[in-house]
Amino acid sequence: MRHSAQVDLIHRFLKLRADRTTDMAPDTRHHDVGVYVDEGRATAERALLFRGRPLVAALSGDLPDTGDCVAVDVGDVPTLLVRGEDGQVRAFLNACRHRGSRVAEGHGHAGRVFTCPYHAWTYDLHGDLLGQPLARDGFAGEDREALGLHPIPVAEVAGLLVVAPGATGPLDVEDWLGGVHDELASWDFDRYRFFDERVVEVDCNWKLAYDTFLEAYHIFSLHSRTVGKGLLSTPAVGDTFGPHGRGVVFGKQLARTVAELPEDEWDLLGHSSVVYQLFPNAVINLPSSGHAEVWQAYPHPSDPSRCRVHLRFYTPDGIPEGPEGDRSRAFFQRNLDFTAEVVLTEDFQQQEAIQRNIASGLMHEMVFGRNEPALQNFHASIDAVLAREAAE
Ligand code: FES
Ligand SMILES: [Fe+2]
């Protein structure tokens, strides 16, 4: 993030702090909790938000070199991303055209060829079928060109790898990020390196899991024994960019530090978390420890009261060999374990409890405060997509 942007955000923080307020939406919003349990709504969301629209699958830094590949499950679509000799990233359904086995797992370097583990069919980096060892004449008469891996529209934008499962044709993401594009690009996500991931099933609707990332208000209370020791609930600064958003959760030491330093030495990132909300289901959290977390909440394929959440954890550069690398690896491992513990227990336990309260049928709405503008924008943006599709 450019220093001038950091300074602007710090000025906003200082003004809000002096005025004893925080960034506000114009009004409160009463929110019908039926959206967390209704089966028809869940079906519409899966169809309209998770098929055919851009979804953040990974970061550019997942595929630094030609021939690098990564298997990511984008909701219920097993997806294989690969960087070709031309530098372009391609995406495929991670399913062999013979009988559907996954052709790759995790992160790897395919070199120039993928080999399916089941009967060893091989594919090149464009997904074209190369070989069928020992098949003899078993597939004679089949059109080999039709046996390439099934392509999925993909684009690389602002250091993000974005796919649209179920879409046809090229993916146009030119305007997708709107006004947050340049700020996101300034983070250089191509230099981050994948460290590890966690995948958890959570007994709540995917939107409840996502809601937990959309306000800082709860930090002083829910996280009083963990991240609340170092981060402020208020004031928080937030901006919306169409359906997307960016919030800043400020560190408790920031005000004291900036008071002692000239403006050109102000350091927002060393004392705060910057949180991007990328519609509909991804969050990129960039805390002061320097790593990047990509969180993705996916609906369960049939049950509105369940979801799957992925945490993809990245270090700001590769980890070197040797003692320094060992220390660095241990540092980031502690950060990953701590982050996962806080969110999976403190946050998601609340969301599971809320889901059970909604399922009672006696709770009909919740209220989003003026001090929770990103929550309001997220749900209004979903409503707008569903209403637009319904009108067409
Ligand atoms: S399923 Fe891949 S080679 Fe048979
Ligand atoms: Fe939280």
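In this convention, every chain numbers its residues from 1, walking through the sequence in written order. All chains are assigned letters beginning at A, and all ligands numbers beginning at 1, according to the order in which they are written. Local features in this predicted model are restricted to residues of pLDDT 70 or higher, and side-chain atom pairs are both shown and tallied only at a pLDDT of 80 or more, whereas totals for entire chains, interfaces and linings draw on every residue. Calculated side-chain values reflect all of the structure's heavy atoms, with hydrogen atoms and water omitted.

- Annotation of the protein chain in UniProt includes, under Cofactor (unreviewed entry), the sentence "Fe cation". UniProt positions are given in the numbering used here, feature names are shortened, and annotations may be inferred rather than shown by experiment.

## Considering the pattern of salt bridges
Next up, step 1: For this analysis, a salt bridge means a side-chain nitrogen from Lys or Arg found within 4 Å of a carboxyl oxygen belonging to Asp or Glu. If you walk through the whole model with that rule in mind, you get 20 salt bridges.
Next up, step 2: Between Glu45 and Arg41 there is a salt bridge; the shortest N-O distance is 2.7 Å. With Glu45 and Arg41 both in helix H2 (residues 39-49) and 4 residues apart, the pair spans about one turn of that helix.
Next up, step 3: For Glu45, a relative accessible area of 1% translates into the label buried. Numbering of helices and strands runs from the N terminus, with a helix taken as a DSSP run of H or I at least four residues long and a strand as a DSSP run of E at least two residues long. Residue exposure (1.4 Å probe, protein chains only): buried if accessible area is under 20% of the type maximum, exposed if over 50%, otherwise partly exposed.

## Observations regarding the layout of surface pockets
Taking a probe equal in size to a water molecule and rolling it over the atoms shows the remaining empty space.
Next up, step 1: Residues are said to line a cavity or pocket when one of their atoms sits within 4 Å of a point; the points come from a 1 Å grid over protein atoms alone, cavities being sets where a 1.4 Å probe fits but cannot get out and pockets being open sets with protein on both sides within 12 Å along at least five of seven lines. Grid points are joined across faces, edges and corners, and a volume is the space filled by probe spheres set on the points. Approximately 360 Å³ is the volume attributed to the second largest pocket.
Next up, step 2: Together, 15 residues line the second largest pocket, and Glu215, Gln351, Ile354, Met366 and Glu372 are the ones closest to its centre.
Next up, step 3: With 4 residues, helix H7 (residues 323-359) is the single largest residue contributor to the lining of the second largest pocket.
Next up, step 4: For the lining of the second largest pocket, the residue count by class is 7 nonpolar, 4 polar and 4 charged. In this classification, the charged set is Asp, Glu, Lys and Arg, the nonpolar set is Ala, Val, Leu, Ile, Met, Phe, Trp, Tyr, Cys and Pro, and all remaining amino acids, among them Gly, are polar.

## Considering the coordination of the iron ion (ligand 2)
Put simply, a metal with four donors set out as a tetrahedron has ideal angles of 109.5 degrees, and one with six donors set out as an octahedron has ideal angles of 90 or 180 degrees.
Next up, step 1: Water is absent from the atoms considered, so a metal site may look incomplete; donors are defined as N, O and S atoms within 2.8 Å of the metal, or 3.2 Å for Na, K and Ca. Note on the iron ion (ligand 2): its protein donors are His218 (NE2), His223 (NE2), Asp347 (OD) and Asp347 (OD). The metal-donor distances range over 2.1 to 2.7 Å.
Next up, step 2: Around the iron ion (ligand 2) sit 4 donor atoms; with metal-centred angles ranging over 53 to 147°, the donor geometry is irregular. Geometry is assigned from the angles between donors: four donors with all angles from 85 to 135 degrees make a tetrahedral site, four or six donors whose opposite pairs exceed 155 degrees while the rest stay between 65 and 115 make square planar or octahedral sites respectively, and everything else is labelled irregular.

## Let's talk about H7
Next up, step 1: Taking 1.5 Å as the rise per residue, H7 with 37 residues should run 54 Å; its terminal C-alpha atoms sit 52 Å apart, in good agreement.
Next up, step 2: The angle between axes fitted to the seven residues ending at a residue and the seven residues starting there is what we call the bend at that residue. Phe348 marks the point of greatest bend in H7, at about 35°.
Next up, step 3: Within two residues after H7, Gly361 carries a phi angle of roughly 85°, on the positive side. Every helix has an expected span of 1.5 Å times one less than the residues it contains.

## Things to note about a negative patch on the surface
Next up, step 1: What goes into a patch is any residue over 30% in relative accessible area without a salt bridge, connected to like charges within 9 Å or, for nonpolar side chains (Val, Leu, Ile, Met, Phe, Trp, Tyr), within 5 Å. Areas reported here follow the Shrake-Rupley algorithm with a probe of radius 1.4 Å; residue values treat only the protein chains shown as occluding. His residues and chain termini do not enter the charge count, which takes Lys and Arg as positive and Asp and Glu as negative. Charged side chains are reduced to one point each, which is NZ for Lys, CZ for Arg, CG for Asp and CD for Glu. Together, Asp8, Glu263, Asp264 and Glu265 line one region of the surface with negative charge.
Next up, step 2: Looking at the element boundaries, Glu265 is found in the loop between helix H6 (254-260) and strand E16 (272-278).

## Things to note about the packing of H2 against helix H8 (residues 373-391)
Next up, step 1: Between the N-to-C directions of two axes lies an angle of 0 to 180 degrees, each axis being a line fitted to C-alpha atoms and, for a helix, fitted only over the stretch in contact. Between H2 and H8, whose axes approach to 11 Å, the crossing angle comes to 85°. The orientation of H2 with respect to H8, classified from their angle, is roughly perpendicular. In contact with Arg41, Ala44, Glu45, Leu48 and Leu49 of H2, H8 contributes Ile382, Asp383, Val385, Leu386 and Glu389. Just so you know how the angles are binned, under 35 degrees is roughly parallel, over 145 roughly antiparallel, 65 to 115 roughly perpendicular, and the rest oblique. Any two residues whose heavy atoms approach within 4.5 Å at even a single point are treated as in contact.

## Thoughts on the environment of Leu375
Next up, step 1: The topology assignment puts Leu375 in helix H8.
Next up, step 2: Considering only alpha carbons, one finds Leu375 and Gly228, 147 residues apart in sequence, at a separation of 20 Å.
Next up, step 3: Discounting residues that sit within four places of it in the chain, Leu375 has contacts with Asp211, Leu214, Glu215 and Phe368.

## Notes on the sheet that holds strand E13 (residues 193-202)
Next up, step 1: An order of E13-E19-E18-E17-E16-E15-E14 is seen for the 7 strands of this open sheet, with the pairing classed as antiparallel. Of all the strands in the sheet, just E13 and strand E14 (237-241) have a single pairing partner and so form its edges. Geometrically, the sheet is characterised by an average inter-axis angle of 15° between neighbouring strands, direction not taken into account.
Next up, step 2: The rule for pairing is simple: two strands pair if DSSP sees at least two bridges between them. Sheet topology note: the strand E17 (residues 282-286)/strand E18 (residues 292-299) ladder contains 4 bridges and is antiparallel. Each residue of the ladder has a partner; that of Asn285, found in E18, is Glu293.
Next up, step 3: On the sheet, H7 packs against E13, E18 and strand E19 (307-315) and is oriented at approximately 20° with respect to E13.

## Points about the sheet that holds strand E2 (residues 55-59)
Next up, step 1: If you trace the 3 strands from one edge of the open sheet to the other, you get E2-E12-E11, paired in antiparallel fashion. The two strands at the open ends of the sheet, each matched to only one other strand, are E2 and strand E11 (154-157). Direction aside, the axes of adjacent strands within the sheet are offset by 30° on average.
Next up, step 2: Inspection of the sheet shows E11 paired to strand E12 (residues 160-163) by 4 bridges, in the antiparallel sense. Among the inter-strand pairings, Val154 is bridged to a residue of E12, identified as Val163.

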